[in-house]
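If you want the building blocks of each chain, they are given just below.
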Amino acid sequence: MHQKLRLGMIGGGQGAFIGAVHRIAAQIDNQYELVCGAFSSNPEKSKASGEELGLSPERVYATYQELFDKEKQLPENERVQVISIVTPNHVHFEPAKLALESGFHVILDKPMTFSLAEALELRGVVERTGKLFCLTHTYTGYPMVKEARQIVASGKLGNIRKVYVEYPQGWLSTFKEGGDNPQLKQASWRTDPKQSGIAGAMGDIGTHAFNLAEYVSGLAVTQINANINVVVEGRQLDDDGAALLKFNNGASGVLFATQVAAGEENNVKIRVYGERGGLEWQQEDENTLKLKWLDRPAEIYRTNGGNYLSSYAQHNSRTPAGHPEGYLEAFANLYRNFALCVKAAMNGEEPQPEWQDYPGVEDGVRGMAFIENVIASGKSDKKWIDFTI
């Protein structure tokens, strides 16, 4: 269980934001060693990226197809074991499918694919190959988010009645598409329907909000009523939106995701209310979970605060109380839990329940269904539509 997993990366080369985040997350717990990659669709850029990362030149590939072909030919004790895919949305499905069919486990950045049809097909590939699959919905990795989920599941709040979730950003408040600097490139592909898919803000950050709502509440959305906007003139995809939600237990919810809230950064926030009380968590105060009760004073739970926390929160905490457990640590929790499950599978062992608590292929399918349903509702005169997959 102490041997590092051999990790390969597709995408995430020079100038890419999320690739570096994935590499940091993979390294925090010493569970992986980056051994190969195809870091860019530009072979020269891929080569230069591999050199910067100190990889052997013969294991820096021009394409992901070449990576799979050549890695499969290596001895079993040398070839890559886990593939991390950090490309734009339209280059998710094909490399993930080929990686799984080549015998490699997969970590994939969200949203899972370009379309729901691709997501359903990829789910079939995961089931057919038996390989493990992780989708990096980062915010489920926070200790206090895991604690929130356990509190709801325990029944302490009673029957859940209301869910509010929000993801406000301001970085696309002006037209930033086009140009060569890294932030402009990020804006360009995220707002291009040929690369991002049918949704902009709802695909980029709305999927995070949706995933968080279902993860913490333990419920499934069954109906949706959406308002989708393009605020900045000339933009091709939505940069703002909101939706009313109905859940499978009768609860209702509100979700909003916007990238034109000037001055906002990434303060993801969720509130869940039951018959007896509610809870609240936000990323800008990530170590704190607030519990509010109908018949007694409010309580504040803190990361690594003591034995009152669930095993899930404790397993995913690293530092003494009071030290922030932030975005990179939450990301790393997904990588570590996935690694522990991969190693358990390799050793024929049963993984612990806390290790298995990472987003998987079903989360990916539901995320893609959210995108298609929220956009369909936004365009429909009917508004309330059934959440279909």
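This report concerns the structure included in the present document. Being a predicted model, the structure only gives us computed values, none of them experimental. (Residues numbered from 1 in each chain as written. Predicted model: local features only at pLDDT ≥ 70, side-chain atom pairs only at ≥ 80, totals over all residues. Heavy atoms only, no water.)

Thoughts on the side chain of Thr140
Rules: Secondary structure counts use DSSP, requiring at least four H or I residues in a row for a helix and at least two E residues in a row for a strand, with both numbered from the N terminus. Residue exposure (1.4 Å probe, protein chains only): buried if accessible area is under 20% of the type maximum, exposed if over 50%, otherwise partly exposed. In this description, contact between two residues means that some pair of their heavy atoms is separated by no more than 4.5 Å.
Summarising the element assignment, Thr140 is placed in the loop between strand S5 (133-135) and helix H6 (143-154). Its relative accessible area of 2% is what places Thr140 among the buried residues. Those residues in contact with Thr140 that sit more than four places away from it in its chain are Val145, Lys146, Asn211, Tyr215, Leu334 and Pro359.

Some remarks on the sheet that holds strand S11 (residues 277-282)
Condition: The pairing criterion is simple: DSSP has to find at least two bridges between the two strands. Axis angles are defined between N-to-C directions and span 0 to 180 degrees, where every axis is a line fitted to C-alpha atoms and, for a helix, only to the segment in contact.
Taken together, the 9 strands give an open sheet; going across it, the order is S13-S12-S11-S10-S6-S9-S8-S7-S14, and neighbouring strands pair in mixed fashion. Single-partner strands in this sheet number two, and they are strand S13 (299-302) and strand S14 (385-386). In this sheet, strand S9 (residues 252-258) lies alongside strand S6 (residues 160-168) in parallel orientation, the contact comprising 7 bridges. Paired with Tyr167 across the bridge in S9 is Ala257. Each of S6, strand S7 (221-229), strand S8 (240-247), S9, strand S10 (269-274) and S11 is contacted by helix H9 (residues 201-217), which is oriented at about 150° to S9, the strand it contacts most.

Re the packing of helix H1 (residues 17-28) against helix H11 (residues 327-346)
We count it as follows: Roughly parallel means an angle under 35 degrees; roughly antiparallel means over 145; roughly perpendicular covers 65 to 115; every other angle is labelled oblique. What makes a crossing left-handed is the near helix being turned counterclockwise from the far one by less than a right angle; a clockwise turn instead makes it right-handed. Side-chain classes follow a simple rule in which Ala, Val, Leu, Ile, Met, Phe, Trp, Tyr, Cys and Pro form the nonpolar group, Asp, Glu, Lys and Arg form the charged group, and the remainder, Gly included, forms the polar group.
Here H1 crosses H11 at 65°, and the two axes come no closer than 8 Å. By the angle between their directions, the pair H1 and H11 is classed as roughly perpendicular. When the axes of H1 and H11 are compared, the crossing they make is right-handed. Contacts between H1 and H11 pair Phe17, Ile18, Val21, His22, Ile24, Ala25, Ala26 and Ile28 from the former with Tyr327, Leu328, Glu329, Phe331, Ala332 and Tyr335 from the latter. Of the residues assigned to the contact of H1 with H11, the class counts are 12 nonpolar, 1 polar and 1 charged.

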